[in-house]
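Structure assessment
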Amino acid sequence: MKGIKSLLLRLVYVVLFLLLLNYAADSLLVSKWLATPVLTLESGRSTATWPLRMDPVLGWALAPPPEAAWAMSKEFEMIGSGVGARWLPAALDMGPPLKLLILGDESTFGPGIPLDNTYAGWIKRATERAMSERTVAVGNAAVPGYDALQMYLLFRKLLVLKPHLALFCFSGGQLLRAGDSEDLKRPYGLDRALRKELFYRPGLTQAIYLGLGRITGGREVRGVEWEVSRGRVRDDSLEEFQKVIERIIGTAHDARITLALTSLSLPESHRSVLERLCRREDVAYFDGDMALVSRLSELRGEEEDQERKIVDQRTSKEVEKMRAEAGENKAFAWWVKGYLRPAVEPVFASRYFFDSRLLPSTLGHRILGAAAAEMIDEQDLFSWRHRVLK
């Protein structure tokens, strides 16, 4: 009996030691030094000109920006799980804020657009106007190059934030390779990724991985690039995509987090699966493409009125030059016709909503933010009923 008690006591000591060690490791995961790779020139970074670091489960993740980049640093925050996100903070004098977590790829990150002018910022402002007694903290956890599986794995890491509402935006990047670099290795398959995540879940394991990478001079991940080209199109399993979406819905339900899903330039085969699952599982969904379609006719009418005023004041040569510069974006017609619905073709040819890389413009972000905020308000997604009575 004494031997058994002695063994049990030793096991208790070992467990306590491991718990203390893991607690110390968790505190290390918020260290910028540990999560900062050896930075290269800015020209070698992703489309979003943001440094990325290697991650054993996600493939890559946001790294803390250089201290000199104050405009980026003031938005960035390390999360206790060892990953980073950009934040639009809540007001400090209005009590506990509502927390909105947004996940996506470049279309959500908004390369070249200030964070508060991405649709995350428009959602925050519109929601606070509609709920004047509450303030909203928005975490934009979008990462360049991510597909649905990476978004889901990141979501699992960010559950520690206990958001009231999580919004996922799936886009055309689902069908594109992230880049040409050998360092860009996306997780392959949900089941395999979850097994790998299980191994790297302890804070100590993650800290050791990051520490070894830092000590051995690991450089930032380079080559993540948003480019809609035939060479970048990759095979993607609809069955795997459906499995990931089902896991996102199930994980949010288990964590009592209200969920909203949206799509923007998502290939129609995938968009149909997404919409069907949202309808089946009673999950809030809005079609980003159609939100833009509804505004296109209004904008064209406004443009014609404005153009008539300009034509009256300029020479014929100036008018011809103006119209040539404002021509439709036809470079991606093969993508639109091959993967998207005919009903949304005019949107992707329009210079209003997308830039020369087929990424949302500032106006595109504003319209998407308005559509998302309207859905949040109409369906009362921040209500306690959605979190408790599920």
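Residues numbered from 1 in each chain as written. Predicted model: local features only at pLDDT ≥ 70, side-chain atom pairs only at ≥ 80, totals over all residues. Heavy atoms only, no water.

1. Focus: the packing of aromatic side chains
- In the structure shown here, the tally under the stated rule is twelve aromatic pairs.
- The interplanar angle of 90 degrees and the centroid separation of 5.0 Å between the aromatic rings of Phe199 and Tyr200 together place this pair among those described as edge-to-face.
- Phe199 gets classed as exposed once you look at its relative accessible area, which sits at 55%.
- In this structure, Arg366 packs its charged tip against the face of Trp122, placed 5.9 Å from the ring centre. (Phe/Tyr/Trp six-rings, centres within 6.5 Å; stacked < 30°, edge-to-face > 60°. Buried < 20%, exposed > 50% of the residue type's maximum accessible area, 1.4 Å probe, protein only. Lys NZ or Arg CZ within 6 Å of the ring centre and 35° of its normal.)

2. Things to note about helix H9 (residues 238–254)
- Over its 17 residues, H9 runs 24 Å from end to end, which matches the ideal 24 Å to within 8%, given 1.5 Å per residue.
- Within H9, the full set of buried residues consists of Phe241, Val244, Ile245, Ile248, Ile249, Thr251 and Ala252. Here the buried residues of H9 occupy an arc of 165 degrees about the axis, which is enough to place them on one side. Away from its buried face by more than 90 degrees, H9 exposes Glu239 and Asp254. (Helix = DSSP H or I, 4+ residues; strand = E, 2+ residues; numbered from the N terminus. Expected span 1.5 Å × (residues − 1). Arc of directions from axis to C-beta.)

3. Observations regarding empty space enclosed by the protein
- What the rule picks out here adds up to three cavities of 30 Å³ or more.
- If you trace the largest cavity, you find it lined by Leu29, Arg53, Asp55, Pro56, Val57, Gly82, Lys157, Tyr200, Gln206, Tyr209 and Leu210.
- Of all elements in the fold, only strand E1 (52–55) and helix H8 (203–215) reach the threshold of two or more residues within the lining of the largest cavity.
- Among the elements that line the lining of the largest cavity, the one with the most residues is H8, at three residues.
- Approximately 60 Å³ is the volume attributed to the second largest cavity. (1 Å grid on protein atoms, 1.4 Å probe; cavity = no way out; pocket = protein on both sides within 12 Å on 5 of 7 lines; lining within 4 Å. Points joined across faces, edges and corners; volume = space filled by probe spheres on them.)

4. Considerations on the pattern of salt bridges
- Taken as a whole and assessed by the stated rule, the structure comprises 22 salt bridges.
- Taking the shortest distance from any N to any O, the salt bridge between Glu197 and Arg156 comes out at 2.8 Å. Note that Glu197 is positioned in helix H7 (residues 190–200) and Arg156 in helix H6 (residues 148–157), a separation of 41 residues in sequence.
- Residue class for Glu197 comes out buried when judged on its relative accessible area of 8%.
- Where Arg279 meets Glu275, a salt bridge forms, and the shortest distance between an N and an O atom there is 4.0 Å. With Arg279 and Glu275 both in helix H10 (residues 268–281), this residue pair falls four residues apart, about one helical turn.
- Note on Glu275: relative accessible area 28%, which makes it partly exposed.
- Connected through shared salt-bridge partners, Glu268, Arg271, Glu275, Arg279, Asp287, Asp289 and Arg341 make up one network. (Salt bridge = Lys/Arg side-chain N within 4 Å of Asp/Glu carboxyl O.)

5. Here we look at the sheet that holds strand E5 (residues 98–103)
- The sheet built from seven strands is open, its strands ordered E3-E4-E6-E5-E7-E8-E9 with mixed pairing. Pairing within the sheet leaves two strands with one partner each, and these edge strands are strand E3 (76–78) and strand E9 (284–287). If you compare each strand with its neighbour and ignore which way they point, the axes differ by 25 degrees on average.
- Both E5 and strand E7 (residues 165–171) contribute to a ladder of four bridges, which runs parallel. Looking at the pairing, Ile102 lines up with Leu167 of E7.
- On top of the sheet, helix H5 (residues 119–130) reaches strand E4 (84–88), E5, strand E6 (136–140) and E7; it is set at about 165 degrees to E6, its chief contact.
- Its contacts with the sheet place helix H15 (residues 362–378) against E7, strand E8 (258–264) and E9, and it is angled at close to 150 degrees to E9. (Pairing = 2+ DSSP bridges. Axes fitted to C-alpha atoms, helices over the stretch in contact; angles between N-to-C directions. Contact = heavy atoms within 4.5 Å.)

6. Regarding the nonpolar core
- Ranked by internal contacts, the top residues of the largest apolar core, which has 61 residues, are Phe168, Phe170 and Leu261.
- If one sorts the elements of this core by residue count, H6 sits on top with seven residues.
- What Leu261 contacts, discounting residues up to four positions off in sequence, is Leu167, Phe168, Phe170, Ile245, Leu274, Cys278, Val283, Ala284, Tyr285 and Phe286.
- Counting 46 residues, the second largest nonpolar core, distinct from the first, contains Cys169, Ala291, Phe353 and Leu381. (Core = buried A, V, L, I, M, F, W, Y, C linked by side-chain atoms within 4.5 Å.)

7. Digging into the layout of surface pockets
- Of the volumes computed, that of the largest pocket is approximately 490 Å³.
- Forming the walls of the largest pocket are 23 residues, and the residues nearest its centre are Asp147, Arg186, Pro187, Tyr188 and Arg234.
- Broken down by secondary-structure element, the contributors of at least two residues to the lining of the largest pocket are H6, H7 and H9.
- Among the residues forming the lining of the largest pocket, the class breakdown is nine nonpolar, five polar and nine charged. (Nonpolar A, V, L, I, M, F, W, Y, C, P; charged D, E, K, R; others polar.)

8. Things to note about the pairing of strand E2 (residues 59–62)
- Judged from the four bridges that link them, E1 and E2 form a sheet pairing that is antiparallel. Within E2, the residue paired with Met54 across the bridge is Trp60.
- Hairpin connection of E1 to E2: three residues between the antiparallel strands.

9. Section: the environment of Ser73
- Tracing the backbone through its elements, the reader meets Ser73 in helix H3 (residues 70–73).
- Overall, the relative accessible area of 16% leaves Ser73 in the buried class.
- Among residues more than four places away in sequence, those in contact with Ser73 are Pro65, Pro66 and Glu67.

10. Some remarks on H15
- The first and last C-alpha atoms of H15 sit 24 Å apart over 17 residues, in line with the 24 Å expected at 1.5 Å per residue.
- Taken as a whole, H15 has its buried residues at Leu363, Gly364, His365, Ile367, Leu368, Gly369, Ala371, Ala372, Ala373, Met375 and Ile376.
- Positive backbone phi, at 55 degrees, marks Asp380, one or two positions downstream of H15.

By themselves, these observations are geometric and do not establish any function.
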